[in-house]
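Tertiary structure, described
What follows is the residue order along each chain.
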Amino acid sequence: MASSSFIAILTFAFLLFLGTTRAQLSTNFYSNSCPRLFSTVKSTVQSAIKNEARMGASLLRLHFHDCFVNGCDGSVLLDDTANFKGEKNAVPNQNSVRGFNVIDNIKSAVENACPGVVSCADILAITARDSVVILGGPSWNVKLGRRDARTASQAAANNSIPPPTSNLNQLISRFSALGLSTKDMVALSGSHTIGQARCTTFRARIYNETNLESTLAQTRQSNCPRTAGSGDNNLAPLDLQSPTAFDNNYYKNLIQNRGLLHSDQQLFLNGGSTDSIVRGYSNSQSTFTSDFAAAMIKMGDINPLTGSNGEIRKNCRKPN
Ligand code: HEM
Ligand SMILES: *[C@@H]1O[C@H](CO)[C@@H](O)[C@H](O)[C@H]1NC(C)=O
Ligand SMILES: *[C@@H]1O[C@H](CO)[C@@H](O)[C@H](O)[C@H]1NC(C)=O
């Protein structure tokens, strides 16, 4: 009797300890408070992608750029004001991240269904999953219960999101700093099977790098002038064959030296440490999609605000 109550106390103390050190995200977090959450988000994402297929890519990227900067806390969504500097004009985001109006539409629909309950950070996580599914990729159960930050950090956005000039070691260490493995990094980079990049992000590669297949180099040069400042915002698909289908062509391209960004091609260097992972994904769509889904869940777990930390923003663009 005495020893069993001792064990109960120990167990209780241990659970308390876990509660204070680990995030408390769960897949059923809103099942009572907002039962129509998933269907509400999905129908809005569906119509946004129907309107513009690229939007799925843009929405997926928003969750990445949220999570990599002080955790998945909706900080990327905060607008700059006269006395508040957010993340939207940080180097990796300026003239680049998009989809904020779609997030506003989703948030309004969710607020209509269940006012004041669902965080913007969770909306980004669900929206990323739905975008991948709608474009033909894998599904996964999204963990929920994140709360929204009242702050943002342009400096952290500058420093935490990897630039396309990164080499392999830099990519590995940026991800590892957030608890993501090399395999997670390679799988998550498969997001570049969808979406577009601006000339300014790949100009140096298409004019100067030798590990780029020459036909593709010529094609990309035709719409991305050599001189910095001209055509900077001209777009090219990250996956040349199927930029609105979530498939494993990204990896097939890497093996043929057809990565658009310098950072993409770093994953397959013909002698690099991640070549074998890329080969594996290029040969097996199902290995890629299951590793991708697992890595998305890990990325979504980065440093969330839970419990009474942060808030449930009413408007994703500003603190309450
Ligand atoms: C591995 C390091 C990564 C680097 C260096 C990188 C870099 C970039 C760059 C430079 C662009 C083009 C942006 C522009 O020109 O405006 C881009 C686009 C994109 N990135 Fe990444 N990225 C990385 C990882 C990721 C991850 C982990 C995800 C998602 C989980 C992701 C999702 C996307 C998507 C979907 C697009 C296309 C967006 C659109 O069309 O609006 N990227 N990335
Ligand atoms: C982010 O980087 C840009 C370009 O280097 C710089 O102008 C800006 O001040 C940086 N932001 C912060 C808060 O350091
Ligand atoms: C190519 O490399 C040369 C030498 O480093 C550099 O001067 C030039 O600006 C680069 N060109 C582009 C388009 O990046």
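What you are looking at is a predicted structure, and each value in this text was computed from that prediction instead of being measured.

1. Remarks on unusual backbone geometry
One non-glycine residue, Asn257, lies in positive phi territory at about 55°. Residue placement: Asn257 occurs in the loop between helix 11 (249-255) and helix 12 (262-265). In the Ramachandran plot, Asn303 falls in the positive-phi region, its phi being about 40° despite a non-glycine side chain. By relative accessible area, which is 54% here, Asn303 ends up exposed.

2. Remarks on the site of ligand 3
Close to ligand 3 lie Arg203, Ala204, Tyr207, Asn208 and Arg226, which account for all nearby residues. Within the side chain of Asn208, one N or O atom sits 2.3 Å away from an oxygen atom of ligand 3. When ligand 3 is considered free in solution it has 360 Å² of accessible area, and contact with the protein chains removes 38% of it. Taken together, the residues that form the shell around ligand 3 break down as two nonpolar, one polar and two charged.

3. Topic: the domain arrangement of the protein
When its domains are assigned, the protein resolves into domain 1 (37-161) and domain 2 (168-298). The C-alpha-based centres of domain 1 and domain 2 are spaced at 22 Å. Listed per partner, the contact involves 24 residues of domain 1 and 18 residues of domain 2. Carbon and sulfur atoms supply 71% of the area that domain 1 and domain 2 bury against each other, a total of about 1,700 Å² over both sides.

4. Let's talk about the nonpolar core
In this structure, Leu37 and Leu267 are the most contacted members of the largest nonpolar core, which totals 67 residues. Ranked by the residues each element gives to this core, the list is headed by helix 5 (residues 120-134), at seven residues. Counting 13 residues, the second-largest nonpolar core is a separate cluster that includes Cys199, Leu216, Ala236 and Leu238.

5. Observations concerning the site of ligand 1
Surrounding ligand 1, one finds 25 residues, the nearest of these being Arg54, Ser58, Ser96, His192 and Arg198. For ligand 1, an oxygen atom lies 2.8 Å from a polar atom in the side chain of Arg54. The side chain of Ser58 places a nitrogen or oxygen atom 2.6 Å from an oxygen atom of ligand 1. Assessed atom by atom at 2 Å from the grid points, ligand 1 resides in the largest pocket. Elements with a minimum of two residues in the shell around ligand 1: helix 3 (55-67), helix 7 (168-176), helix 8 (182-189) and strand 1 (196-198). When the residues that make up the shell around ligand 1 are grouped by side-chain class, the tally is 12 nonpolar, nine polar and four charged. Summarising the domain contributions, the shell around ligand 1 has at least three residues from each of domain 1 (37-161) and domain 2 (168-298).

What counts, and at which threshold
- Residues numbered from 1 in each chain as written.
- Chains lettered and ligands numbered in written order.
- Predicted model: local features only at pLDDT ≥ 70, side-chain atom pairs only at ≥ 80, totals over all residues.
- Heavy atoms only, no water.
- Helix = DSSP H or I, 4+ residues; strand = E, 2+ residues; numbered from the N terminus.
- Buried < 20%, exposed > 50% of the residue type's maximum accessible area, 1.4 Å probe, protein only.
- Near = heavy atom within 4 Å.
- Polar contact = N/O pair within 3.5 Å; in protein donor to acceptor, adjacent residues only side chain to side chain.
- Areas by Shrake-Rupley, 256 points an atom, 1.4 Å probe, with all protein chains shown as cover.
- Nonpolar A, V, L, I, M, F, W, Y, C, P; charged D, E, K, R; others polar.
- Domains from an automatic or database assignment.
- Contact = heavy atoms within 4.5 Å.
- Buried area = accessible area lost by both parts, 1.4 Å probe.
- Core = buried A, V, L, I, M, F, W, Y, C linked by side-chain atoms within 4.5 Å.
- 1 Å grid on protein atoms, 1.4 Å probe; cavity = no way out; pocket = protein on both sides within 12 Å on 5 of 7 lines; lining within 4 Å.
- Sits in = over half its atoms within 2 Å of the grid points.

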